[in-house]
Amino acid sequence: MDFVVSELEREPVEFDLELPPGAVGFGDEIEQSGPLTTSGRAEVIHEHRGPKEIVPDIRLKGHFSGLFQVPCARCVEPVEVPLAAEFDLIFRPVGVDSDAPERSITAPETEIGYYQEDSLALEDVLREQVLLSLPVRTLCKPDCKGLCPRCGSNRNSQPCQCEVGPSDPRWEALSGLRGRIKS
């Protein structure tokens, strides 16, 4: 779904969509497990930058929810992650801020994005919001044993038969440190 500035200037657009898995690409490691529902409102806000300069910003305010699968950080087995979040974003035309002098930006200005060719794709906004909402590190369970570094087998499903190799000689100087430290 695209939001076109000329259409939004006539009247705001309310949206209520259910996107099936595969409608939005999230990359190789993230898979959408069920429908991605979203609803909200898109409108144009005219930003007055002087007597003759008016910038048409698109304000997108809404909500999304869905179920996603991401790999466990230790054993790479799929982990289901339910997500739901609100968003309230402002998008400006690309290049409108390019002539501005260099300055520090305020916290609300970090929420500003940019659109091209007088339109904004809802799918692009949802992709960004889902990726930002996902946890940085996901585990299938708190005590996940991970993969064996030698043979690659999942230590959660079967015990690994690999022999423990010799320790790195660079760490031998620290081997007796624990006994010498008084707590």
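Sequence order sets the numbering: in each chain, residues are counted from 1 along the sequence as written. Residues qualify for local features only when their pLDDT is at least 70, as the model is predicted, and side-chain atom pairs are given and counted only at 80 or more; totals for whole chains, interfaces and linings, by contrast, use all residues. The basis for every side-chain value is the complete set of non-hydrogen atoms in the structure, without hydrogens or water.

Colleague: Describe the overall build of the protein chain, and please don't skip the residues or the numbers.
Modeller: Runs of H or I in DSSP of at least four residues are treated as helices and runs of E of at least two as strands, each being numbered from the N terminus. When you go through the protein chain residue by residue, the secondary structure sums to three helices and eight strands. Helices and strands appear in the protein chain in the N-to-C order β-α-β-β-β-β-β-β-β-α-α. Taken over C-alpha atoms, the radius of gyration is set against a globule rule of 2.2 Å times the number of residues to the power 0.38. Relative to the globule expectation of 16 Å for 183 residues, the C-alpha radius of gyration of the protein chain, 25 Å, shows a markedly less compact shape. Taking the principal axes of its C-alpha atoms as reference, the protein chain extends roughly 75 × 40 × 30 Å.

Colleague: Go over the pairing of strand β6 (residues 78–93), please, and point to the residues and values.
Modeller: Looking along a regular strand, one sees side chains alternate from face to face of the sheet. With 14 bridges connecting them, strand β5 (residues 54–71) and β6 associate as antiparallel partners. By the bridge assignment, K61 is partnered in β6 with D88. The antiparallel pairing of β5 with β6 creates a hairpin that spans six residues between the two strands, and V76 there sits at a positive phi of about 60°. Pairing between strands is defined by DSSP: at least two bridges between them are needed. Pairing of β6 with strand β7 (residues 112–115), which is carried by four bridges, proceeds in the parallel orientation. Along β7, the bridge assignment pairs P93 with Y115.

Colleague: Lay out the packing of aromatic side chains with the relevant residues and their values.
Modeller: Only rings of Phe, Tyr and Trp enter the pairing, Trp through its six-membered ring, and a pair is recorded when the two centres are within 6.5 Å. The plane angle decides the type: under 30 degrees is stacked, over 60 is edge-to-face, the rest tilted. Summed over all chains, the structure comprises two aromatic pairs. Relative to F15, the ring of F3 lies with its centre 5.5 Å away and its plane at 50°, an arrangement referred to as tilted. Residue F3 is located in strand β1 (residues 2–4), and its partner F15 is located in strand β2 (residues 13–19); the two are separated by 12 residues in the primary sequence. Seen from their ring centres, F26 and F68 are 5.3 Å apart, and the 85° between their planes marks the pair as edge-to-face. Residue F26 is located in the loop between β2 and β3 (31–32), and its partner F68 is located in strand β5; the two are separated by 42 residues in the primary sequence.

Colleague: Can you lay out the nonpolar core for me, pointing to particular residues and giving the numbers?
Modeller: Counting 33 residues, the largest nonpolar core has L36, L60, F64 and F91 as its most contacted members. Listing elements by their share of this core, those giving two or more residues are α1 (5–10), β2, β4 (36–48), β5, β6 and α2 (122–133). We call two residues in contact when some of their heavy atoms are within 4.5 Å. Apart from residues lying up to four places away in sequence, L36 is in contact with L17, E18, L19, F26, F64, S65, G66, F68, L126 and V130. What makes a nonpolar core is a set of buried Ala, Val, Leu, Ile, Met, Phe, Trp, Tyr and Cys residues whose side-chain atoms join them at distances within 4.5 Å. To sort residues, take the accessible area from a 1.4 Å probe on protein chains only and compare it with the maximum for the residue type: under 20% means buried, over 50% means exposed, and anything in between is partly exposed.

Colleague: How would you summarise α2 if you had to cite specific residues and measurements?
Modeller: In an α-helix, one full turn covers 3.6 residues, which means residues spaced three or four apart are oriented alike. When the terminal C-alpha atoms of α2 are compared, their 16 Å separation across 12 residues agrees well with the 16 Å that a helix rising 1.5 Å per residue should span. Within α2, the full set of buried residues consists of L122, E123, V125, L126, Q129 and V130. One side of α2 holds all its buried residues, which, seen down the axis, span an arc of 155°. In this analysis, the expected span of each helix is defined as 1.5 Å times one less than the number of residues it contains. As used here, the arc belongs to the directions running from the helix axis to the C-beta atoms.

Colleague: Please set out the side chain of T138 residue by residue, giving values where relevant.
Modeller: The topology assignment puts T138 in the loop between α2 and α3 (177–180). Residues contacting T138, with those up to four places away along its chain left out, are V70, P71, C72, A73, V79 and V81.

Colleague: If you had to explain a nonpolar patch on the surface to someone new, which residues and values would you point to?
Modeller: Nonpolar side chains collect at one region of the surface, where W171, L174, L177 and I181 lie side by side and expose about 440 Å² of accessible area between them. Here L177 falls in the partly exposed class, since its relative accessible area comes to 35%. A residue counts toward a patch only above 30% relative accessible area and without a salt bridge, and it is joined to like-charged neighbours within 9 Å or, for Val, Leu, Ile, Met, Phe, Trp and Tyr, to nonpolar neighbours within 5 Å. The accessible surface values rely on the Shrake-Rupley method and a 1.4 Å probe; as for residues, cover is taken only from the protein chains in view. One speaks of a salt bridge when a side-chain nitrogen belonging to Lys or Arg is within 4 Å of a carboxyl oxygen belonging to Asp or Glu.

Colleague: Report on the environment of P149, specifying residues and quantitative values.
Modeller: Tracing the chain through its elements places P149 in the loop between α2 and α3. With relative accessibility at 70%, the residue P149 sits in the exposed group. With 13 residues separating them along the chain, P149 and C162 place their C-alpha atoms 9.4 Å apart.

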